[in-house]
Each structure stands twice: as C-alpha cells, then as structure tokens.
Amino acid sequence: MALLPILSTGRAHAEFTVCNQTLDVVNLAVGQKVDNADQTDGWWTIGANQCVNVIREELANRYIYLYATDVFGHAILNGSTEMCVDRRRFSIRGIDECWQRGHIAARFVEVDTLEQARWTYFLTGNSP
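Attention here is on the structure that accompanies the text. The model shown is predicted, which means the values in this text are computed figures rather than measured ones.

So, how was this worked out
Residues numbered from 1 in each chain as written. Predicted model: local features only at pLDDT ≥ 70, side-chain atom pairs only at ≥ 80, totals over all residues. Heavy atoms only, no water. Helix = DSSP H or I, 4+ residues; strand = E, 2+ residues; numbered from the N terminus. Buried < 20%, exposed > 50% of the residue type's maximum accessible area, 1.4 Å probe, protein only. Contact = heavy atoms within 4.5 Å. Areas by Shrake-Rupley, 256 points an atom, 1.4 Å probe, with all protein chains shown as cover. Pairing = 2+ DSSP bridges. Phe/Tyr/Trp six-rings, centres within 6.5 Å; stacked < 30°, edge-to-face > 60°. 1 Å grid on protein atoms, 1.4 Å probe; cavity = no way out; pocket = protein on both sides within 12 Å on 5 of 7 lines; lining within 4 Å. Points joined across faces, edges and corners; volume = space filled by probe spheres on them. Nonpolar A, V, L, I, M, F, W, Y, C, P; charged D, E, K, R; others polar. Axes fitted to C-alpha atoms, helices over the stretch in contact; angles between N-to-C directions.

Take the overall build of the chain next. The secondary structure content of the chain amounts to zero helices and 10 strands. Burial status across the chain gives 39% buried among its 128 residues. Look at the contacts in the chain between residues 6 or more apart in sequence, and 66% of them connect residues 24 or more apart. Of the roughly 8100 Å² that the chain leaves accessible, carbon and sulfur atoms contribute 50%.

Right under this line is the structure:
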C-alpha cells in the first residue's frame, strides 16, 4: 500500500517570522508597503529564544523594515530607513514628518526577503 502525502489547501499561518535569539525581551515594530503606502505597525513583544509571526499573509513586498528596542526603550536593532513609531500599540500610514504628526522617528533596518513568499529573520546580539 502506497502512502500519499496529504496536501494542505489551507494557508500557512506564518509568512514573516522574527526569532529573538538574544537573552533579552525585545519590542518589535514592522514597516512595509500596504496598498502602495508605507505603513508601520507595532509592538510585538518577543521573549528570549522565542519567535513571533508578524505578517500572517504571503509576503507581497520584497523589503520589510524592522526596528527593535529593549524593555527600557533603547534601540537594539537600528538601521538607516527612517519611519514612524509610537509609545503604545500603533498602526501608522506614511513615514514622513513623524514628529509633526505626533509620532516618534525611528531608524528601521531593511530586510531583503529576496521576493520569497515566506521569511524568517533571526535577531541576534550581532544584528546590524
């Protein structure tokens, strides 16, 4: 009797996952294009040696932007792309004039997903 693999027609749950491989709890914000506009969302809290699914649908953008802080609010993942965040949970459309619109400007790291439908980013103590 031959065993046939069972094909799942359901969608996968995790399409962009961030794994925290540091010894610290981190707070994560994510930036991406949504309906042709830049958007940032946050916060996800990720414990040490844990992973969180931050984008649950197949990736539509090659570039995803990440910003992370420690529990004291100090940047631990700090890049060169300026986008907006807030102190509490947020979803912000647009990345220009953060301060003038009542938000905080933060420097996000650009992650090149190489146009894959799924991606996992590993946050280490040596992250850029």
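This part covers the pairing of strand 1 (residues 16-20). Across the five residues that make up strand 1, a large majority, five, are buried. Of the two faces of strand 1, both are covered, the one formed by Phe 16, Val 18 and Asn 20 as well as the one formed by Thr 17 and Cys 19. Pairing between strand 1 and strand 4 (residues 50-55): five bridges, direction antiparallel. Looking at strand 4, one finds that Phe 16 is bridged to Ile 55. Relative to strand 10 (residues 119-123), strand 1 is paired through five bridges, and the arrangement is parallel. Paired with Asn 20 across the two strands is Leu 123, which belongs to strand 10.

The next point concerns the packing of aromatic side chains. This model, assessed by the stated rule, comprises three aromatic pairs. Ring geometry for Trp 43 and Tyr 67: centres 6.3 Å apart, planes at 50 degrees, overall tilted. Residue Trp 43 is located in strand 3 (residues 37-46), and its partner Tyr 67 is located in strand 5 (residues 63-69); the two are separated by 24 residues in the primary sequence. Of the two residues, Trp 43 and Tyr 67, neither departs from the other in class, the shared state being buried. Ring centres of Trp 43 and Phe 90 lie 5.5 Å apart, and the angle between their planes is 80 degrees; this geometry places the pair in the edge-to-face category. Here Trp 43, found in strand 3, pairs with Phe 90, found in strand 8 (residues 90-93); they are 47 residues apart in sequence, far enough to count as distant. The buried category is assigned to Trp 43, whose relative accessible area is 15%. Among the residues examined, Phe 90 registers a relative accessible area of 8% and is labelled buried.

This part is about the layout of surface pockets. Considering only enclosed or pocket space, the largest pocket measures out at about 170 Å³ in volume. For the largest pocket, the lining is made up of 13 residues, of which Trp 43, Thr 69, Gly 73, Asp 86 and Arg 87 are closest to its centre. Put simply, the parts of the chain that give the lining of the largest pocket at least two residues each are strand 5 and strand 9 (104-112). Classifying every residue of the lining of the largest pocket gives seven nonpolar, three polar and three charged.

Here we come to the sheet that holds strand 4. The sheet built from three strands is open, its strands ordered 4-1-10 with mixed pairing. The strands lining the two open edges of the sheet, one partner per strand, are strand 4 and strand 10. The average angle at which neighbouring strand axes cross in this sheet is 25 degrees, direction not considered.

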